[in-house]
Amino acid sequence: MTAAELFGQIQKKKSFLCVGLDTDIQRIPEFLKKEKDPVFEFNQRIIEATHEFAVSYKPNIAFYEAQGPKGWESLQKTLEIIPKDCFTIADAKRGDIGNTSKLYARAFFDKEASGMSFDSVTVAPYMGEDSVTPFLEFEGKWVILLALTSNKGSADFQQILVDDDKVFQKVLKTSKNWGTKDNMMYVVGATKAEALQEIRQIIPDHFLLVPGVGAQGGSLEEVAKNGMNSQCGLLVNSSRGIIYASSGENFAEVAAQEAEKLQKEMASLLDNFL
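Here is a short report on the structure shown in this document. Every value quoted in this text rests on a predicted model; they were computed, and no experiment measured them.

Here we look at helix α12 (residues 251–273)
Now for step 1: Given a rise of 1.5 Å per residue, 23 residues ought to cover 33 Å, and the 33 Å separating the end C-alpha atoms of α12 matches this to within 8%.
Now for step 2: Tucked inside the fold, the buried residues of α12 contact α1 (3–13), β1 (17–21), α2 (38–50), α10 (220–227), β10 (234–238) and α11 (240–243).

Details of the nonpolar core
Now for step 1: In this structure, Ile-10, Phe-16, Val-19, Phe-87 and Leu-235 are the most contacted members of the largest nonpolar core, which totals 89 residues.
Now for step 2: Element by element, the count of residues in this core is highest for α12, at 9 residues.
Now for step 3: Contact partners of Val-19, with chain neighbours within four places excluded, come to Ile-46, Thr-50, Ala-54, Ser-56, Tyr-57, Lys-58, Asn-237, Ser-238, Ile-242 and Ile-243.

What about the layout of surface pockets?
Now for step 1: Roughly 350 Å³ of internal volume is contained in the second largest pocket.
Now for step 2: The wall of the second largest pocket is formed by 17 residues, among which Pro-125, Tyr-126, Gln-158, Val-167 and Val-171 lie closest to the centre.
Now for step 3: Elements with a contribution of two residues or more to the lining of the second largest pocket: β5 (142–148) and α8 (167–175).
Now for step 4: Looking at the lining of the second largest pocket, the element that brings in the most residues is α8, giving 5 residues.
Now for step 5: Looking at the lining of the second largest pocket, its residues break down into 10 nonpolar, 6 polar and 1 charged.

What about the side chain of Thr-88?
Now for step 1: Secondary-structure assignment places Thr-88 in strand β3 (residues 87–94).
Now for step 2: Side-chain polar atoms of Thr-88 contact the backbone nitrogen of Asp-119, separated by 2.9 Å.
Now for step 3: Apart from residues lying up to four places away in sequence, Thr-88 is in contact with Tyr-57, Leu-79, Ile-82, Ser-117, Phe-118, Asp-119 and Ser-120.

Observations concerning helix α7 (residues 129–136)
Each α-helix turn comprises 3.6 residues. Residues three or four places apart therefore point the same way.
Now for step 1: Every buried residue belonging to α7 is among Ser-131, Val-132, Pro-134, Phe-135 and Leu-136, and all of these are buried.
Now for step 2: On its buried face, α7 is in contact with β3, α5 (98–109), β4 (120–123), β5 and β8 (184–188).

Brief notes about the pairing of β3
For a regular strand, the rule is simple: side chains alternate between the two faces of the sheet.
Now for step 1: Counting buried residues in β3 gives 7 out of 8 residues, a clear majority hidden from the surface.
Now for step 2: Bridging between strand β2 (residues 56–59) and β3 involves 2 bridges; their strand directions are parallel. Paired with Ser-56 across the strands is Phe-87, a residue of β3.
Now for step 3: Where β3 and β4 come together, 3 bridges link them in parallel fashion. Residue Arg-94 lies in a different strand from β4, and its bridge partner there is Val-123.

Looking at a nonpolar patch on the surface
Now for step 1: Side chains of Ile-97, Tyr-126 and Met-127 sit close together on the surface and give an oily, nonpolar patch of about 390 Å² of accessible area.
Now for step 2: Mapped onto the secondary structure, Tyr-126 falls in the loop between β4 and α7.
Now for step 3: Judged by its relative accessible area of 80%, Tyr-126 falls in the exposed class.

Quick notes on the packing of α5 against α7
Now for step 1: Between α5 and α7, the shortest axis-to-axis distance is 8 Å and the interhelical angle comes to 30°. Put simply, α5 runs roughly parallel to α7. Once α5 is placed against α7, the crossing between them reads as right-handed. Contacts between α5 and α7 involve Gly-98, Ser-101, Lys-102, Tyr-104, Ala-105 and Phe-109 from the former and Asp-130, Ser-131, Pro-134 and Phe-135 from the latter.
Now for step 2: A breakdown of the residues in the contact of α5 with α7 according to their chemical character gives 5 nonpolar, 3 polar and 2 charged.

A short note on the state of the cysteines
Now for step 1: Enumeration over the complete set of coordinates arrives at 0 disulfides.
Now for step 2: In this structure Cys-86 is not part of a disulfide, and its nearest cysteine sulfur, from Cys-18, lies 9.5 Å away.
Now for step 3: Under the relative-accessibility criterion, Cys-86 is labelled buried at 3%.
Now for step 4: As a non-bridged cysteine, Cys-232 has Cys-18 as the owner of its nearest cysteine sulfur, 13 Å distant.

Focus on the sheet that holds β4
Now for step 1: The strand order around the closed barrel formed by 8 strands is β1-β2-β3-β4-β5-β8-β9-β10, and the pairing between neighbours is parallel. Strand-to-strand twist in this sheet, taken as the mean axis angle between neighbours without regard to direction, amounts to 30°.
Now for step 2: As judged from the 5 bridges shared by β5 and β8, these two strands associate in the parallel manner. Its bridge partner lying in β8, Val-143 is registered against Met-184.
Now for step 3: Each of β9 (208–210) and β10 is contacted by α10, which is oriented at about 165° to β10, the strand it contacts most.

Here we look at the packing of aromatic side chains
Now for step 1: Tallied over the full model, the rule gives 7 aromatic pairs.
Now for step 2: Each ring, one from Phe-108 and one from Phe-118, has its centre 6.2 Å from the other, and the planes form 70°; the classification is edge-to-face. Of this pair, Phe-108 sits in helix α5 while Phe-118 sits in the loop between α6 (111–114) and β4, and the two are 10 residues apart along the sequence. Considered together, Phe-108 and Phe-118 belong to a single accessibility category, that of buried residues.
Now for step 3: A connected cluster of aromatic rings, assembled from ring pairs, spans Phe-31, Phe-42, Tyr-244 and Phe-251.

About the criteria used
Residue numbers run consecutively from 1 along every chain, following the written order of its sequence. pLDDT decides what is reported in this predicted model: residues at 70 or higher carry local features, side-chain atom pairs at 80 or more are listed and counted, and totals for whole chains, interfaces and linings draw on all residues regardless. Here the side-chain values reflect all heavy atoms present in the structure, with hydrogen atoms and water set aside. Under the scheme used here, helices are H or I runs from DSSP no shorter than 4 residues and strands are E runs no shorter than 2 residues, and both carry numbers assigned from the N terminus. To estimate how far a helix should extend, the number of its residues minus one is multiplied by 1.5 Å. The contact criterion used throughout is that any non-hydrogen atoms of two residues lie within 4.5 Å. Residues grouped as a nonpolar core are buried Ala, Val, Leu, Ile, Met, Phe, Trp, Tyr and Cys residues, joined through side-chain atoms within 4.5 Å. Buried means the residue's accessible area, taken with a 1.4 Å probe over protein chains only, is under 20% of the maximum for its type, while exposed means over 50%, and partly exposed covers the values in between. Each cavity reported here is a set of points on a 1 Å grid over the protein atoms alone in which a 1.4 Å probe fits but cannot get out, each pocket an open set with protein on both sides within 12 Å along at least five of seven lines, and each lining residue one with an atom within 4 Å of a point. Grid points are joined across faces, edges and corners, and a volume is the space filled by probe spheres set on the points. Residues are sorted three ways: Asp, Glu, Lys and Arg are charged, Ala, Val, Leu, Ile, Met, Phe, Trp, Tyr, Cys and Pro are nonpolar, and all the rest, Gly among them, are polar. Polar contacts here mean pairs of N or O atoms no more than 3.5 Å apart (in protein, one a potential hydrogen donor and the other a potential acceptor; neighbouring residues in sequence count only if both atoms are side-chain atoms). Pairs of strands are assigned from DSSP output, requiring at least two bridges between the strands. Candidate patch residues must exceed 30% relative accessible area and have no salt bridge, after which like charges are joined if within 9 Å and Val, Leu, Ile, Met, Phe, Trp or Tyr side chains if within 5 Å. All accessible areas in this document rest on Shrake-Rupley with a 1.4 Å probe, and a residue is counted as covered only by the protein chains that are shown. Think of a salt bridge as a Lys or Arg side-chain nitrogen and an Asp or Glu carboxyl oxygen that are within 4 Å of each other. Interaxial angle, 0 to 180 degrees, is taken between N-to-C directions of lines fitted to C-alpha atoms, where a helix line uses only the stretch in contact. Orientation labels follow simple angle bins: below 35 degrees gives roughly parallel, above 145 gives roughly antiparallel, 65 to 115 gives roughly perpendicular, and whatever is left gives oblique. Helix crossings fall into two classes, left-handed where the near helix is turned counterclockwise from the far one by less than a right angle and right-handed where it is turned clockwise. By disulfide we mean two sulfur atoms from cysteines, separated by a distance within 2.5 Å. Stacked, tilted and edge-to-face pairs are distinguished by plane angle, under 30 degrees for stacked and over 60 for edge-to-face with tilted covering the rest, among Phe, Tyr and Trp rings (Trp via its six-membered ring) whose centres lie within 6.5 Å.

Below, the structure is given as structure tokens:
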């Protein structure tokens with residue numbers, strides 16, 4: 001999916017919602033656990049209930065890896081049922097030396113090799129350019145680079161001042177030349193909304209993946225006010241606030257209600273700021 005196509009979906013659905021599929025076998029409703037593949041069954045119902053409100057889905061790979069081979073099977077099946085008009089993100093946070101990164105890229109981008117073909121994958125930039133460029137070699141695919149994350153520990157390194165720039169600012173300034181606004185996005189936590197204005201001064205045209213709205217307390221309005229550009233430029237992720245809104249048999253219906261609430265707020269923000 002190109003940036004223009006993604007913006008087209010945002011305009012069509014009046015939404016920049018990404019639904020995070022952080023599907024924990026221990027948290028899904030009990031009645032689903034009798035199914036042959038409970039994780040896939042849960043995901044399928046969530047996707048069916050929310051796809052009209054979402055432009056993107058983001059499986060967190062750790063929740064599937066932790067299940068071993070059956071988890072990878074659930075992930076592959078989930079990817080296959082996500083509607084083609086939705087942007088798919090493998091939230092894997094990979095980052096290693098070049099040869100290893102090539103294999104990580106193949107795992108998430110090369111359907112013939114692995115059975116999966118995500119639109120994008122999250123990547124950690126700590127090891128530098130040669131650990132990131134193997135992902136950018138896949139035409140039509142995206143790298144989503146970690147920049148400023150929403151966790152408490154982000155202050156340990158990301159906000160250290162080095163030569164008049166914070167580390168996350170150096171990451172942005174250096175890495176923006178590795179790819180383009182059409183194949184590279186950045187992760188910026190919603191709880192760091194006050195930094196979005198300075199981030200936009202460095203990367204005005206790139207898309208940002210913004211987790212932390214909802215259960216983590218980030219403000220959607222502040223994210224939009226400080227981070228939206230002329231092409232929207234935002235994918236705002238909600239995981240627990242949607243998929244675990246109910247643990248009963250009506251979990252998918254309640255998930256749809258929560259997704260629709262966010263979509264309606266996003267529609268208003270698009271009208272206000274775009």
